[in-house]
Amino acid sequence: MDTIIQPGTAPFWVALLVVVGLGLVELISVVLGLSASGLLDDSFGHHGPDGHEAGLLGGWMSWLNAGGVPILVLAVILLSAFAVFGFAIQGLAAGILRPLPAVVAVPLALVPALPVTRWLSRGIARVIPRDETNALSQADFIGLVGIVTIGPLDQGNPGAVRVKDRHDNIHTLRAKAAPGHRIETGALVVIVDGSDGLFQAIPAPQELGAVDSKEG
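Residues numbered from 1 in each chain as written. Predicted model: local features only at pLDDT ≥ 70, side-chain atom pairs only at ≥ 80, totals over all residues. Heavy atoms only, no water.

Asker: Teacher, can you tell me more about the pairing of strand β3 (residues 170-177) here?
Answerer: The side chains of a regular strand alternate, first on one face of the sheet and then on the other. Two elements, strand β2 (residues 159-164) and β3, share six bridges in a ladder whose sense is antiparallel. Pairing of Arg 162 across the sheet is with Thr 172, part of β3. Two successive antiparallel strands, β2 and β3, enclose a turn made up of five residues, where Asp 168 displays a positive phi of approximately 65 degrees. Pairing between β3 and strand β5 (residues 198-203): three bridges, direction parallel. Paired with Ala 177 across the bridge in β5 is Ala 201. (Pairing = 2+ DSSP bridges. Helix = DSSP H or I, 4+ residues; strand = E, 2+ residues; numbered from the N terminus.)

Asker: Hey, could you run me through the pairing of β5 in this one?
Answerer: Note that strand β4 (residues 188-195) and β5 share six bridges and pair antiparallel. Looking across to β5, one finds that Val 190 is bridged to Ile 202. Two successive antiparallel strands, β4 and β5, enclose a turn made up of two residues, where Asp 196 displays a positive phi of approximately 55 degrees.

Asker: Got a minute to help me understand the confidence of the model for the protein in this structure?
Answerer: Here the protein shows a mean pLDDT of 76. Residues at 70 or above account for 69%. Summarising per-element confidence for the protein, the mean pLDDT is lowest in helix α6 (residues 131-134) (43) and highest in β5 (92). Segment residues 129-135: pLDDT under 50, and 12 contacts once partners within four positions in sequence are set aside and those in other chains are kept. (pLDDT = per-residue confidence, 0-100. Contact = heavy atoms within 4.5 Å.)

Asker: I would appreciate a short explanation of the packing of aromatic side chains in the present structure.
Answerer: Each aromatic ring pair is characterised by the separation of its centres together with the angle its planes make. One pass over the structure, following the stated rule, counts four aromatic pairs. On the basis of an interplanar angle of 55 degrees and a centroid distance of 4.9 Å, the ring pair of Phe 12 and Phe 82 is categorised as tilted. Of the two residues, Phe 12 sits in helix α1 (residues 10-31) while Phe 82 sits in helix α4 (residues 71-96), which places them 70 residues apart along the sequence. Accessibility assignment for this pair places Phe 12 and Phe 82 in one class, buried. Centre to centre, the rings of Trp 13 and Phe 87 are 5.1 Å apart; their planes meet at 65 degrees, and the pair counts as edge-to-face. One end of the pair, Trp 13, is in helix α1; the other, Phe 87, is in helix α4, with 74 residues separating them in the sequence. What links up through ring pairs into an aromatic cluster is the set Phe 12, Trp 13, Phe 82 and Phe 87. (Phe/Tyr/Trp six-rings, centres within 6.5 Å; stacked < 30°, edge-to-face > 60°. Buried < 20%, exposed > 50% of the residue type's maximum accessible area, 1.4 Å probe, protein only.)

Asker: Before we go on, may I ask you to explain the pattern of salt bridges in this structure?
Answerer: In a structure, side chains of opposite charge can pair up when their charged atoms sit close to one another. One pass over the full model with this rule turns up two salt bridges. Among the ionic pairs, Asp 154 bridges to Arg 182, the shortest N-O distance being 3.5 Å. One end of the pair, Asp 154, is in the loop between β1 (145-150) and β2; the other, Arg 182, is in the loop between β3 and β4, and 28 residues separate them in sequence. Exposure remark for Arg 182: the relative accessible area of 52% places this residue in the exposed category. Of the charged contacts in the structure, one is a salt bridge between Glu 184 and Arg 182, with a shortest N-O distance of 3.4 Å. Taken together, the shared-partner salt bridges in this structure form one network comprising Asp 154, Arg 182 and Glu 184. (Salt bridge = Lys/Arg side-chain N within 4 Å of Asp/Glu carboxyl O.)

Asker: How should α4 be read in this particular structure?
Answerer: Because the α-helix completes a turn every 3.6 residues, residues three or four places apart line up on one side. For α4, spanning 26 residues, the distance from its first C-alpha to its last is 37 Å, which sits close to the expected 38 Å at 1.5 Å a residue. What α4 keeps buried is the set Ile 71, Leu 72, Leu 74, Ile 77, Ala 81, Phe 82, Ala 83, Gly 86, Ile 89, Gln 90 and Ala 93. (Expected span 1.5 Å × (residues − 1).)

Below you can see the structure in the form of structure tokens.
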């Protein structure tokens with residue numbers, strides 16, 4: 001193990017392990033019928049409820065092009081670039097004299113990783129365009145019909161509702177039932193309200209359920 005983990009490279013090995021972990025989380029979520037990246041984008045994104053960037057963090061996320069690729073993809077790019085530059089810096093330093101302390105190597109690796117992440121994410125965004133999805137504000141989801149994927153929905157802890165927007169993109173929204181309602185998993189619902197990444201839903205009218213079953 002000592003021959004693999006060289007001095008000062010532990011943070012970069014951790015970054016690679018996190019990349020593997022994120023991949024496993026996304027794979028498991030897809031198998032379960034959800035999408036971890038979609039859930040993060042729709043519920044914990046850097047945009048506020050009116051579609052504008054939320055503060056300093058939102059500005060940095062926008063600069064990194066979070067709006068062009070899913071947040072999990074952005075994290076994988078950033079961590080991978082950070083690890084690659086970290087190993088390269090430590091390899092160069094070891095060849096000249098000795099590996100740098102981690103507290104020095106980490107910021108040195110992060111400096112080039114940030115612009116590289118921005119450049120790569122923009123290239124990937126052209127391959128998997130998401131402009132229509134990310135142009136949506138929270139208000140655009142009001143009135144959409146979806147299905148409860150994690151429930152039941154009540155006024156307690158949020159569940160999840162999967163909806164399709166006008167561009168046929170699928171979103172997984174954090175949602176509660178509107179006051180006075182309790183909605184079981186698998187039921188059709190209508191999104192009626194929302195703020196700060198959390199939506200309210202009511203049971204869909206029976207005629208909507210009949211139309212949905214015919215289309216299916």
